[in-house]
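Summary of the model geometry
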Amino acid sequence: MAALQQRGHKWRAKVRVPASIRGAGEPEHVYRTLTATDRRSATIEADLWEVLLKAEWAERSGRAAAPKAALRSLYEQLRAEAASGVYQLHGGGDLMPELAGIDHELNKLEDATDGRDLSPLEEARVAALQDAAAQLQRKPITVRPELEPTFAETAADYLAAWKVKPGLRKSNTEQQKKATFALFAGFFGERPMRDVRRQDAASFADQMRCLDPMWARSSSARNLPWLELLRRFGGRDAGLSDATMNRHMTTLQEAWRWAEERGRCEGINPFAGHRRRLKPGVNVHGYLPWESDDLAKLFDPPPARQDVTEIMLVGLFTGLRLDEIASLTYGQIKNAEGVSFIQVADAKTPAGRRQVPIHNKLLWLSRREGPAHARVWPGFNPEGPGKKAGADAGREFSRFKSGRGFTDRRQTFHSFRKNVTQIFERAGIPENEAAQILGHERGFTYSRYSPHGITLARKAEIVALIAYPGVDLPEPQCTK
């Protein structure tokens with residue numbers, strides 16, 4: 001932002017000149033005496049001057065037309081300020097002062113160009129003034145594609161607005177949206193959202209559907225140009241699942257609706273109509289619990305990494321989610337009423353914040369000691385917007401289970417949670433009681449009329465039912 005200096009009744013603006021623009025011996029700053037006589041008007045005038053300077057510098061440094069972003073910034077700011085009455089000029093005949101001032105500025109620009117072709121910067125200034133005049137007169141404003149944001153820029157603006165929604169928690173959802181937008185931007189190029197047609201959306205969906213489901217596991221793949229991504233990972237017979245495709249296309253639909261409300265596109269949403277209905281057993285296949293033979297294969301021999309072995313055991317005997325385990329700190333391991341338990345606090349829902357008793361097979365965990373803030377398994381790197389360790393732990397487990405020959409996408413770390421749920425159900429544990437250990441909602445009646453739930457001792461009785469007969473499981477050491 002330009003710095004303002006007041007000298008008597010006049011204002012002066014100061015802007016730093018980038019080192020890449022300055023020639024040898026040229027000053028570090030440029031100055032301009034402003035016509036405004038009050039701080040608000042001076043700030044507006046100084047900001048407009050700075051935008052124009054930056055656009056000119058960009059044009060000079062690239063030896064080409066000013067970047068579209070710079071032209072658009074100039075256009076949007078100049079149009080907004082012109083429409084707010086910055087150039088008011090009284091005595092303009094029948095014209096209102098704001099329009100008279102805009103007309104005067106347009107005449108000045110015409111005189112300055114003296115009939116020659118306008119530069120992109122001058123065209124942006126003329127467009128801004130003309131559109132400000134139309135806005136003041138409540139006339140339709142012509143769409144100017146040369147100044148419209150690209151799809152990627154509109155998507156970024158949408159994401160910025162989405163992130164400040166009340167009550168929104170940090171999660172992988174933001175990363176997923178960013179990935180969707182980056183993919184479509186790679187496919188669609190530098191064109192604005194307005195130019196997206198139904199055939200564009202359909203073509204994108206067709207090509208996406210044939211991507212290798214594991215393509216994003218490669219960090220380098222995420223930055224590949226669209227055509228290179230298709231060359232390396234496209235054309236698969238078993239591509240992305242319907243659930244994944246639904247998520248991508250729903251995200252794009254939402255961005256279109258947001259952009260339409262802000263005049264950046266119009267008409268039928270081109271991303272609509274690509275969602276497929278999910279049917280269990282047909283195109284939705286839930287996670288499977290590990291069978292006894294599978295568990296024996298997973299633990300004979302145990303993983304080379306001790307921390308991977310230990311989080312697998314915790315999953316088997318608690319039903320905790322992967323990130324709840326990988327992010328576990330020593331301060332969350334507590335004891336009350338004679339019961340050792342894990343206090344799950346950082347959960348997405350109130351039901352997820354719970355106490356889970358520590359099974360006798362996990363006594364080694366309850367006896368470990370460390371600083372309350374320290375993670376029990378620091379070898380898993382925190383990742384993502386919420387700085388969770390679960391993503392890294394998940395990759396390590398995926399590598400391990402694939403090495404043991406398990407390639408079914410329904411058999412994952414989450415399957416340990418399925419094992420615990422299955423044991424509770426077969427033991428006849430009431431659903432509302434199991435929910436308090438697994439972190440599920442209990443339903444209206446129990447949550448409303450029994451807000452504190454079952455006792456910790458009762459939870460310990462339920463957890464003690466977890467057993468895997470016939471499976472030889474490792475026993476980690478009690479201390480570090």
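Data block above holds the structure.
First, a word on what this report is: a plain description of the structure on this page. Note that the coordinates shown come from a computational prediction; the quantities given were computed from them, not determined experimentally.

Taking 1.5 Å as the rise per residue, helix α4 (residues 120–136) with 17 residues should run 24 Å; its terminal C-alpha atoms sit 24 Å apart, in good agreement. Three or more residues of α4 are buried, namely Leu 121, Glu 122, Ala 124, Val 126, Ala 127, Ala 128, Leu 129, Asp 131, Ala 132, Ala 133 and Ala 134.

Our focus in this paragraph is helix α10 (residues 292–299). Listed in full, the buried residues belonging to α10 are Asp 294, Leu 295, Leu 298 and Phe 299. The buried residues of α10 occupy an angular sector of 120 degrees when projected down its axis, which confines them to one face.

The strand order β4-β5-β6 describes an open sheet built from three strands, whose pairing is antiparallel. One side of each edge strand has no neighbouring strand; the edge strands of this open sheet are β4 (333–336) and β6 (354–357). Pairs of neighbouring strands in the sheet enclose a mean axial angle of 45 degrees, with direction left out of account. Alignment of strand β5 (residues 339–344) against β6, held across four bridges, turns out to be antiparallel. Of the residues in β6, the one forming a bridge with Val 344 is Arg 354.

Turning to the side chain of Arg 368, a few remarks are in order. Relative to the elements of secondary structure, Arg 368 occurs in the loop between α13 (363–366) and α14 (390–403). Overall, the relative accessible area of 12% leaves Arg 368 in the buried class. At 2.7 Å, the side chain of Arg 368 forms a polar contact with the side chain of Glu 310.

With four bridges joining them, β4 and β5 adopt antiparallel strand pairing. Across the sheet, Ile 333 pairs through a bridge with Ile 342, a residue of β5. Linkage of β4 to β5, two consecutive antiparallel strands, is achieved through a turn of two residues, within which Glu 337 is found at a positive phi near 55 degrees.

Another point: the packing of aromatic side chains. Going through the model one piece at a time under the given rule, you end up with 19 aromatic pairs. With centroids separated by 5.6 Å and ring planes inclined at 45 degrees, the aromatic side chains of Phe 184 and Phe 187 adopt a geometry described as tilted. Taken as a pair, Phe 184 and Phe 187 lie in helix α6 (residues 172–188) at a separation of three residues, close to a single helical turn. Each member of the pair, Phe 184 as well as Phe 187, carries the same accessibility label: buried. Ring centres of Phe 187 and Trp 226 lie 5.8 Å apart, and the angle between their planes is 75 degrees; this geometry places the pair in the edge-to-face category. Residue Phe 187 is located in helix α6, and its partner Trp 226 is located in helix α8 (residues 226–233); the two are separated by 39 residues in the primary sequence. Residues Phe 187 and Trp 226 agree in their burial class; the two are buried. What links up through ring pairs into an aromatic cluster is the set Phe 151, Tyr 158, Phe 181, Phe 184, Phe 187, Phe 188, Phe 204, Trp 226, Trp 258 and Phe 271. The positively charged end of Lys 177 is found above the aromatic ring belonging to Trp 162, 5.1 Å away from the centroid. Lying across the ring of Phe 188, Arg 191 places its NZ or CZ 3.9 Å from the centre.

Right, let's get into the nonpolar core. In terms of nonpolar packing, the biggest core is built from 49 residues, with Trp 377 and Tyr 468 touching the most fellow members. At seven residues, the largest contribution of residues to this core is made by helix α11 (residues 306–318). Sequence-distant contacts of Tyr 468, defined by excluding residues within four places in its chain, comprise Leu 295, Leu 316, Phe 317, Asn 419, Val 420, Ile 423 and Leu 473. With 34 residues, the next largest nonpolar core counts Phe 181, Phe 204, Trp 256 and Phe 271 among its residues.

At a closest axis distance of 12 Å, the pairing of α10 and α11 adopts a crossing angle of 160 degrees. Taken together, the axis directions place α10 and α11 in an arrangement best described as roughly antiparallel. Pair α10 / α11 crosses with left-handed handedness. Touching Leu 295, Leu 298 and Phe 299 of α10 are Thr 309, Met 312, Leu 313 and Leu 316, all from α11.

Here we take up the sheet that holds strand β2 (residues 10–16). Sheet architecture is open: three strands sit in the order β1-β2-β3, paired in antiparallel fashion. Of all strands in the sheet, those bounded by a partner on one side alone are β1 (3–7) and β3 (29–33). Between one strand axis and the next, the sheet turns through 25 degrees on average, direction left out of account. For β2 and β3, the ladder comprises five bridges, and the chain directions are antiparallel. The residue of β3 that forms the bridge with Ala 13 is Arg 32.

Before going further, it helps to spend a moment on the pattern of salt bridges. As enumerated under the stated definition, the model contains 24 salt bridges in all. The salt bridge partner of Asp 212 is Arg 236, with a shortest N-O separation of 3.6 Å. Of this pair, Asp 212 sits in the loop between α7 (198–209) and α8 while Arg 236 sits in the loop between α8 and α9 (242–261), placing them 24 residues apart in sequence. Between Glu 433 and Arg 458 there is a salt bridge, and its shortest N-O distance comes to 2.9 Å. Of this pair, Glu 433 sits in helix α16 (residues 431–438) while Arg 458 sits in helix α18 (residues 456–463), and the two are 25 residues apart along the sequence.

Reading guide: rules and limits
Numbering of residues begins from 1 in every chain and follows the order in which that chain's sequence is written. Totals for whole chains, interfaces and linings use all residues, but because this is a predicted model, local features are given only for residues with pLDDT of at least 70 and pairs of side-chain atoms are given and counted only at 80 or more. Calculation of side-chain values draws on the structure's entire complement of heavy atoms; hydrogens and water are dropped beforehand. Put simply, DSSP H or I for four residues or longer makes a helix, DSSP E for two residues or longer makes a strand, and each gets a number counted from the N terminus. Here the expected span of a helix is defined as 1.5 Å times the quantity of residues minus one. Each residue is placed in one exposure class: buried if its accessible area under a 1.4 Å probe, protein chains only, is under 20% of its type's maximum, exposed if it is over 50%, and partly exposed if it falls in between. Our arc is simply the arc of the directions from the helix axis toward the C-beta atoms. For two strands to pair, DSSP has to find at least two bridges joining them. Only the stretch in contact is used when a helix axis is fitted, and all axes are lines through C-alpha atoms; the angle between N-to-C directions ranges over 0 to 180 degrees. Here a polar contact means two N or O atoms within 3.5 Å. Within protein one must be a hydrogen donor candidate and the other an acceptor candidate, and residues neighboring in sequence count only if both atoms are side-chain atoms. Planes of paired rings set the category: under 30 degrees apart is stacked, over 60 is edge-to-face and the rest tilted, where pairs are Phe, Tyr or Trp rings (Trp by its six-membered ring) whose centres lie within 6.5 Å. Look at NZ for Lys and CZ for Arg. If either is within 6 Å of the ring centre and within 35 degrees of the ring normal, a charge sits over the ring. Here the nonpolar core consists of buried residues drawn from Ala, Val, Leu, Ile, Met, Phe, Trp, Tyr and Cys, with membership extended through side-chain atoms lying within 4.5 Å. Two residues form a contact once any of their heavy atoms are found within 4.5 Å. Put simply, angles under 35 degrees are roughly parallel, angles over 145 are roughly antiparallel, angles from 65 to 115 are roughly perpendicular, and the rest are oblique. For a crossing to be left-handed, the near helix must be turned anticlockwise from the far one by less than a right angle; the clockwise case is right-handed. For this document, the term salt bridge refers to a Lys or Arg side-chain nitrogen within 4 Å of an Asp or Glu carboxyl oxygen.

Purely geometric stuff here, so don't read any function into it on its own.
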